[in-house]
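What follows is each chain in one-letter form.
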Amino acid sequence: MNLRLPSGTRDVLPEEMAERRRIERALLDTFAAAGYGEVSTPELEYPETMELGRLTAPYRVTSDSGEELALRADMTGPIARLAATRYADVAPPLRFSYSAVVHRSVSPGKGEARELLQAGIELLGVPSPEGTAEAITVLSHALEAAGLAGFSIGVGDIALYPSLLDDLGVAAEEQAFLLDALEGRDFVAIAERAGSLGLDAESASLLGDVPAMRGDASLLEADGVLGERLAGLRSVVGALDSRVADRVIIDLGRFPRMGYYTGAVFEVYDPALGEPIGSGGRYDELLTRFGRPLEAVGFAVDVDRLHAAIAGEELGETGR
Amino acid sequence: MNRFGLTIAVPRGALLEPSLDLLDRVGIETAQVRGNDRRLLFEDIGVVTMRPSDVPTYVEAGAADVGITGKDVLQESPDRQLFELLDLGFGECRMVVAGVEGEDRGAEALRRLGVVRVATKYPRIAAEHFAGSGRQAEIVKVAGSVELAPLTGLADAIVDLTATGRTLEENGLVVREEIFTATARLIANRVSLRVKSAEVDGLVEAVRTAAG
């Protein structure tokens, strides 16, 4: 008799479940108080829907009638589908929240989860900076409500580095190399290549330095080419109230080339956990793929990682 | 804890000496690490020691904020979620394809059998190198003493890291192809990089200065 579970999946027993529910409740209550309506969508979608949402679903099943179905890999695609169909005639802005299990592939030997419980929001039809600032604010309030104390929200702009490469006239294939290295977090390769592009010294060091630039809002006061390209982030941070702004780390090197992001991207860090707790960003073009062109922003919090970070803070592991 | 306020993962083995030399130069007194090759955790100077291939694991999980490891180790697991901050310049080695002296048995196997058997501690690098050059290779993973494989007929060739080439030479092996050159790298955890940005930048600056 085989009673094992697939790797990367697990049962949740009552003690953990109670804590997890409390955290989930705090997040959802914050979303609701901010005007977000909670929705539920099917675990099963057509694979094409996930692909329209720029995500390949790793788990596919054949239904009893022979149709190919996919386990959803995120909630952004399904909510885009929902907005384009059920809300086709409703005037924006649209505000949705969810707490749902999504299904991911895992790399062996790293203890990754195949099933993630994500709680998040999608805000459709409110452009940057207002929409982005609202999402970051809701994120910050929700984490505080859940009981996380020491977190920061790293905020970057996925369009920043590609625009700088354009501004400085870097050739397409060199751009591809540098963006791959940026996505791969390899500052060594970036600095080497930036130095060999034949650019003037100032431009070369700018391309080498920007990926590692992170810190408080004073970073946004840069001048020159960089300063011009930071206007978008400046307006987002400027729209935050000071309690939220104090949580923000400006991170000019963040480049999650994950499918659909178009502008500001953000990620939650806590000293008590070695990995990010949640992430989000703007996806101003995705809804167009679903036939409902609306600028949008959203985020998802990994509830189990949030739980681990809260537990870590309680254990006083903040030195890690 | 050290003056940077960072937990540093330091590799044992060939990279240990030059890594400790570097830490000494940036003001972390490592005499106690040199004096004790069994202890693994040196909390008062914020140093943990481990096999080089485990350094990315500790840094990725945040058990260490930063670490020192070889580019070879990073190439072998490129999907790790960590930042590569600096080329430290020391520990230079070449990743090579090597085989028994004389007739090239790997090429012979490819010509006659269409596939070459390659023994290695670096299955991913080896597989990518052969696939990237359009040759079919059967990768045999071994944990150590890779040089033995072609001598006993386990494999036609090996993919391994060599610094001086002496071990290859003593076992009657010659380098057939060079894949890349690897040096030691300073790597960082993705959360530490953001929430301890001043600390990480302080270390990077000190290391740059120390390296001249």
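Bear in mind that the values here come from a model prediction, so they are computed numbers and not experimental data.

Visitor: Hey, could you go over the overall build of chain B for me, with residue numbers and the actual values?
Guide: Looking only at helices and strands, chain B features 10 helices and 11 strands. Expressed as lengths along the three principal axes of its C-alpha atoms, the size of chain B is roughly 60 × 35 × 30 Å. When the 212 residues of chain B are sorted by exposure, 51% land in the buried category. In chain B, 68% of the contacts between residues at least 6 apart in sequence involve partners at least 24 apart. Counting only carbon and sulfur atoms, one obtains 48% of the accessible surface of chain B, whose full area is about 9600 Å². Counting 25 positive and 32 negative side-chain charges, chain B places the centres of these two groups 2 Å from one another.

Visitor: Describe the packing of helix H5 (residues 160-167) of chain A against helix H6 (residues 172-183) of chain A, with residues and values.
Guide: Residues and elements named next belong to chain A. At a minimum axis distance of 11 Å, the contact between H5 and H6 shows a crossing angle of 155°. Accordingly, the angle class assigned to the pair H5 and H6 is roughly antiparallel. As for how H5 packs across H6, the hand of that crossing is right-handed. Contacts between H5 and H6 involve Tyr161, Pro162, Leu165 and Asp166 from the first element and Gln175, Leu178, Leu179 and Leu182 from the second. Of the residues assigned to the contact of H5 with H6, the class counts are 6 nonpolar, 1 polar and 1 charged.

Visitor: Help me get a handle on the nonpolar core, residues and values and all.
Guide: Residues and elements named next belong to chain A. Core analysis: the biggest nonpolar cluster contains 121 residues, and Leu27, Phe31 and Leu306 have the highest contact counts within it. The dominant element in this core, judged by the number of residues it contributes, is helix H4 (residues 130-146), at 8 residues. Discounting residues that sit within four places of it in the chain, Leu306 has contacts with Ile23, Leu27, Leu143, Ala146, Leu148, Ile277 and Val301.

Visitor: Talk me through helix H6 (residues 123-132) of chain B; I want residue IDs and the actual numbers.
Guide: All names here are of chain B. Taken as a whole, H6 has its buried residues at Ile125, Ala126, His129 and Phe130. What you see down the axis of H6 is that its buried residues fit within an arc of 120°, all on one side. Exposed residues lying more than 90 degrees from the buried face of H6 are Glu128, Ala131 and Gly132. Here the buried face of H6 lies against helix H4 (71-76), strand S6 (93-100), strand S7 (116-120), strand S8 (137-141), strand S9 (157-162) and strand S10 (173-182).

Visitor: Break down the pattern of salt bridges for me, with residues and values.
Guide: The tally for this structure, following the rule as stated, stands at 39 salt bridges over all chains. For Glu16 of chain A, the salt bridge is made with Arg10 of chain A, and the minimal N-O distance between the two is 2.8 Å. Taking the relative accessible area as the measure of exposure, Glu16 of chain A reaches 24% and is therefore partly exposed. A salt bridge links Asp304 of chain A to Arg10 of chain A, with the nearest nitrogen and oxygen atoms 3.3 Å apart. Here the residue Asp304 of chain A occupies a position in helix H13 (residues 303-314), and Arg10 of chain A occupies one in the segment before helix H1 (14-33), the gap between them amounting to 294 residues. Sharing partners across several salt bridges, the network here consists of Asp186 of chain A together with Lys71, Glu84, Asp87 and Arg185 of chain B.

Visitor: If you had to explain the interface of chain B and chain A to someone new, which residues and values would you point to?
Guide: Residue-level contacts link 27 residues of chain B with 23 residues of chain A. Buried surface at the junction of chain B and chain A, both sides included, amounts to about 2100 Å², of which 50% is carbon and sulfur. A per-residue breakdown of the area chain B buries against chain A is headed by Arg190, Val191 and Arg194 of chain B, which together make up 30% of the total. Ionic pairing is found between Arg194 of chain B and Asp251 of chain A, a salt bridge with its closest N-O pair at 2.7 Å. Counting every contact that joins chain B to chain A gives 10 residue pairs in polar contact (both at pLDDT 80 or more). Among the secondary structure elements, those contributing two or more residues to the side of chain B that touches chain A are helix H3 (55-61), strand S5 (82-87), strand S11 (184-189), helix H9 (190-195) and helix H10 (197-211) of chain B. No other element matches S5 of chain B, which puts 6 residues into the side of chain B that touches chain A.

Reading the values: the criteria
Residues numbered from 1 in each chain as written. Chains lettered and ligands numbered in written order. Predicted model: local features only at pLDDT ≥ 70, side-chain atom pairs only at ≥ 80, totals over all residues. Heavy atoms only, no water. Helix = DSSP H or I, 4+ residues; strand = E, 2+ residues; numbered from the N terminus. Buried < 20%, exposed > 50% of the residue type's maximum accessible area, 1.4 Å probe, protein only. Contact = heavy atoms within 4.5 Å. Areas by Shrake-Rupley, 256 points an atom, 1.4 Å probe, with all protein chains shown as cover. Lys, Arg positive; Asp, Glu negative; His and termini not counted. Charge placed at Lys NZ, Arg CZ, Asp CG, Glu CD. Axes fitted to C-alpha atoms, helices over the stretch in contact; angles between N-to-C directions. Parallel < 35°, antiparallel > 145°, perpendicular 65-115°, else oblique. Left-handed = near helix turned anticlockwise from the far one by under 90°. Nonpolar A, V, L, I, M, F, W, Y, C, P; charged D, E, K, R; others polar. Core = buried A, V, L, I, M, F, W, Y, C linked by side-chain atoms within 4.5 Å. Arc of directions from axis to C-beta. Salt bridge = Lys/Arg side-chain N within 4 Å of Asp/Glu carboxyl O. Buried area = accessible area lost by both parts, 1.4 Å probe. Polar contact = N/O pair within 3.5 Å; in protein donor to acceptor, adjacent residues only side chain to side chain.

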